[in-house]
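Close look at the chain arrangement
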Amino acid sequence: MEIKLRKHDILPVLVAMFMMVALCPMSALAQSKRITGKVVSSVNSEIVQGVNVLVKGNSRRGAVTDGEGKFSLEATPTDVLVFSFIGFKTKEVKVGSESTFNISLDEDATQLTELIVTGSRNTGRTILETPVPVDVISIKDIMGELPQIDLAQMLAFVAPSFNAVRSQGGDLNSHVDPVQLRNMAPNQILVLVNGKRRHTSALLITETAVGSPSTTVDLMTIPVSAIDRVEILRDGAAAQYGSDAVAGVVNIILKKGTNKLTASLTGGGYANTGGQAGALTKSGKPDGFNYQFDANYGFKIGDKGYFNMSGQITQRRPTLRPFVNDWGFFDKTYLNNLRTDKAGNPVITNPELINAQAAGNTSQIAALTTETGLMTARGLTKADFAVYAGMPAITLGSTFYNAGYEINPTTTIYSFGGASYKYLEGFSCYFRRPAQTDRFNYLLYPNGFRPQMTSNTSDVSNTIGLKSKIGEFSVDFSNTFGRNTMRLGMVNTMNASLGSNTPVNMNLGTHQFSQNSTNLDMSRYFKGVMNGLNIAFGAEMRIENYKIIKGQEESYAYGTAGIVTVSRDGLLVGPDGKPLENASSVPIVDANGNPLAVEAGQQVTVKSLSSNCQCFAGFGPKNERNEFRTTMAAYLDAELELTRKFLIAGAFRLENYSDFGGVTIGKLAARYSITKTLSLRGSIASGFRAPSLQELNYTHTATAFVPDKNGIPQPLDVTTYPTNSTAARVLGIKGLKQEQSRTYGIGLTYQPAPGFEVTLDAYQIDVDNRIFRTSYFNASEVGNNYGEVIGEGEAQFFVNGADVRSKGLEAVGNYTLNLQKGKSVTFTLATILSKNTVLNRKVLDLNVANLTSEQIVGKYLSRDIIGQFETGTPRTKLIGSVMYRVNKFNAMLRGTYFGTVTERSVSSDNDGNFYDQTFSGQAVFDLSFGYDLSRNVKVSIGGSNIFDKYPQILRSENQGFYLYSNNQQGSNGAYYYGRLTFNF
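Structural notes on the side chain of Ser161
With respect to the element layout, Ser161 can be found in the loop between α3 (151–156) and β9 (162–164). Classification of Ser161 by relative accessible area gives buried; the value is 6%. Apart from the residues lying within four places of it in its own chain, the contact partners of Ser161 are Gln180, Leu181, Arg182, Arg234, Glu810 and Ile832.

Side note on the nonpolar core
Within the largest apolar cluster, 53 residues are counted, with the highest numbers of intra-cluster contacts made by Ile139, Leu151, Phe162, Leu219, Val230, Ile232 and Ile252. With 5 residues, α3 is the largest single contributor of residues to this core. If near-sequence neighbours (up to four positions away) are discounted, Phe162 is found in contact with Ala152, Leu155, Ala156, Val179, Gln180, Leu181, Ile189, Leu219, Ile232, Val250 and Lys877. Within the second largest apolar cluster, 35 residues are counted, among which are Leu204, Ala239, Phe688 and Leu736.

Quick word on the state of the cysteines
On inspection of all chains with the given rule, the structure shows 1 disulfide. A sulfur-sulfur separation of 2.0 Å characterises the disulfide bridge that pairs Cys429 with Cys615. Across the S-S bond of Cys429 and Cys615 the torsion is about -45°, and the bridge reads as left-handed. Of the two residues, Cys429 is situated in the loop between β21 (411–426) and β22 (452–470) and Cys615 in the loop between β29 (603–605) and β30 (625–641); the sequence distance between them amounts to 186 residues. Residue Cys429 is classed as buried on the basis of its relative accessible area of 2%.

Examining the pattern of salt bridges
Considering all chains together, one arrives at 40 salt bridges under this definition. We note a salt bridge from Lys842 to Asp803, for which the minimum N-O separation is 3.1 Å. With Lys842 in the loop between β40 (823–841) and α13 (853–860) and Asp803 in strand β39 (residues 794–818), the pair connects residues that are 39 residues apart, well separated along the chain.

Here we look at the sheet that holds strand β1 (residues 33–41)
As a general point, the strands of a sheet are linked pairwise by backbone hydrogen bonds and lie either parallel or antiparallel. Across the sheet, 3 strands lie side by side as β4-β1-β7; this open sheet has mixed pairing. A single partner strand is all that each edge strand has here, and the edge strands are β4 (70–75) and β7 (100–105). Sheet twist, expressed as the average angle between the axes of neighbouring strands with direction ignored, equals 30°. Pairing of β1 with β4 involves 6 bridges; the strand directions are antiparallel. The residue bridging Lys38 from the neighbouring strand is Lys70, located in β4.

A few points about the pairing of strand β41 (residues 876–886)
As defined by bridge partners, β40 adjoins β41 across 11 bridges and the pair is classed as antiparallel. Bridge pairing links Lys823 to Val886 in β41. Alignment of β41 against strand β42 (residues 889–898), held across 10 bridges, turns out to be antiparallel. Note that in β42 the partner of Arg885 across the bridge is Asn890. The turn linking β41 back onto β42 is made up of 2 residues, and Asn887 within it adopts a positive phi angle of 50°.

Observations concerning the sheet that holds strand β13 (residues 227–233)
Taking strand neighbours across the sheet as the criterion, the 5 strands line up as β8-β13-β14-β11-β12 in an open arrangement whose pairing is mixed. Each edge of the open sheet is held by one strand with a lone partner, namely β8 (134–137) and β12 (196–197). The pairing of β8 with β13 spans 4 bridges and is classified as antiparallel. Following the sheet pairing, Asp135 is matched in β13 by Ile232.

Focus: the environment of Asp287
For Asp287, the position within the fold is in strand β16 (residues 287–301). The spacing of Asp287 and Leu73 is 214 residues in sequence and 45 Å in space, taken between C-alpha atoms. Separated by 3.4 Å, the side chains of Asp287 and Asn272 make a polar contact.

Definitions and cut-offs
- Residues numbered from 1 in each chain as written.
- Predicted model: local features only at pLDDT ≥ 70, side-chain atom pairs only at ≥ 80, totals over all residues.
- Heavy atoms only, no water.
- Helix = DSSP H or I, 4+ residues; strand = E, 2+ residues; numbered from the N terminus.
- Buried < 20%, exposed > 50% of the residue type's maximum accessible area, 1.4 Å probe, protein only.
- Contact = heavy atoms within 4.5 Å.
- Core = buried A, V, L, I, M, F, W, Y, C linked by side-chain atoms within 4.5 Å.
- Disulfide = S-S within 2.5 Å.
- Salt bridge = Lys/Arg side-chain N within 4 Å of Asp/Glu carboxyl O.
- Pairing = 2+ DSSP bridges.
- Axes fitted to C-alpha atoms, helices over the stretch in contact; angles between N-to-C directions.
- Polar contact = N/O pair within 3.5 Å; in protein donor to acceptor, adjacent residues only side chain to side chain.

What follows is the structure in structure tokens.
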């Protein structure tokens, strides 16, 4: 008998096989015996639940104390048991001849804080001892309780200063989630993995939540199962880590564990109730179903090394959030069969009408010449022409490893890295209506079509390094390589100018970004200098490469489907002797109303059919790029404890770019302990960010939709030109300059009791020459024969549009209350109150003949872009959660509040009132429940946005691609999930 498995059957089969193998009983170890016992606190003899009891050197053999503080496991007389729990000193006990143990653990307040590696090169520094704010988020501990399944969204819902705005459409904006810190742009946050710079995505996101074109690291390419914790440094750190660390640093620390298998299987979906939009939405069924399988396992390499590896398989279905509009789907020429081809032959677009006329059915004839009548005859509704927003469909596979081996007591070789592949199909295009004659082909799409954009992304990275000692100095020498390649495509599309021979699926081109960093870092701790001095210094060489590789020719070509090549002298007429008609069915005549006189060989554009792929033009030869950059840097970093209470720190960095020259930046920070539990801290830093290679070289033609006088979005082809182009030079646009920043911070830390921590920090970040994108310039506005440069479309550019300021106040509080009988409650409350301001709009003296100075200012940095930066994202974000644990059961409730958002418009009514809109604050709640089925298997269920809260609807004048605002919780609604977690 032959058995065939379909693609979507493979994952469940693999999971089932895995569970069968993993749950098989293991043979008992020779000479092992059952060890039982109880663990209490040495202070008050209270039982301690949740203590890890492991056999030293074998993490697969262990137990966790239950609600009565008891444990049981198998061990041999030669084994050593290790007892560990946060807030207590670790204790080791040899088994020997005993079978029952009563263990008392000594409390240790220092165990309540984690040692950190980000923001301080003193490896003994804890989270409350740093002179700048650092959040430490244990991903391995919280991933089982969170509804979110990817790292960016996890962090966005536990760290208030961190954002990952998930776009629900808009060309390529939904293909990578841009990450932000302190409401700054995504390219002003530096992402590290194990302290090494992570490469960004090849994609340049042109429309971010803060209005700035930006690159970002695609955190989805790193499997969550590989991550031990994430350290978020909320402070300017360019002097310590280099360019991009203007707003702060996110350092992802990978797992090192061995002989322990952890895995999880998660499934979930969205309720899709449609919100409060009524007839504007299409009633939907639950959608967005996703499935994810994660696994992590570590191998020992002898007694001195480890090799930890992780894998992830993800499949997400799309969420469809249609906007059912009424923009007129069929025009009169379509309904009445008035269209002709370029040769003047009639094109029958309404055959139903022809049949009714042949039958002499007058009532049916009357009905079929109306839009409603034809839609009824074809079984269509307005929903069939709806614009689709929503989350894209994603298929993702990724793997990561982390390895190290101790060559001798002072030398360790290490390596880590991974590879991933992601296929994404998103909703980013307007529906092409049959009434749009320049983008229509009856043979291919008689009722119009909805293009969809795809991307195939491969991502690889590898770091190899050596840690050793040279005298008293610790040395770390490493090389890190990373490459992100994104092949762009479009399905269900066409190039109208090619006629019926156009492909309907197209390769638009490939973007690729590569980065190689070589680092040498040295440090030494001088115990005898005052109360301790840590010195670190090093150098870095970084090489970057950005490529745009052209797509297939049909994706960017202008064809001849609408062009007539005259065969002989005469008049431009059709077979009926009447003048040929253009795409709007208007006769092509001379000034006297007569047919045009033409000559043999002359080419006449009869139908102005849209060129390029709909809705995103392919990248052609004029867009191709292959650009390099080399960066050299050296730094000095020092931390000095003047007294036990007073710490000062400083960093100094020299950096030289092959295309932007050299720069010197620095940082000073300090912390003063007023009491043992209360400290003040502050910092001041300068920063430098050169424009990315993507910002410098990106060029592309896209279709923008601008509302006409009736509020109906109409297509407009817009080309983004680089600043070194002819189009920029003729207009007077200058080359991009570097962004320079200054960061100021002051705060306090307070620990009134063990397990209770509070931090409060205020900051201000000033950035000069912030990069934005201009509005559109067309040839008639610019004059000066600008049409010879840009043609019929419009042009826009990346420019240093303004000096900006971001400031805010951050507060984080955590409190764990251990109750009797194995119960505990953990409270967390965190918030950010922020404000972004454009300090100074920068406008050049442009060569524009037909616009006023005020109009030029409005186009150079438009009010909607300013609005995106200043008020386009919530200025207040509040996260509060309660985690309750009792024996094998746990529950988590978390509330997230997104503050008000104001979206500014460039359109206005006849009285000059802009169509601005303010959206009230939104609160959403997440809930999860977990239960330990056994020591090895845990089940959890829950949901995100459990009360199905949708944002406010956009005002009618702003309803185009989106129906809802996308800058708070998004319009996906409630999400519910279930998860199985395995530990062996």
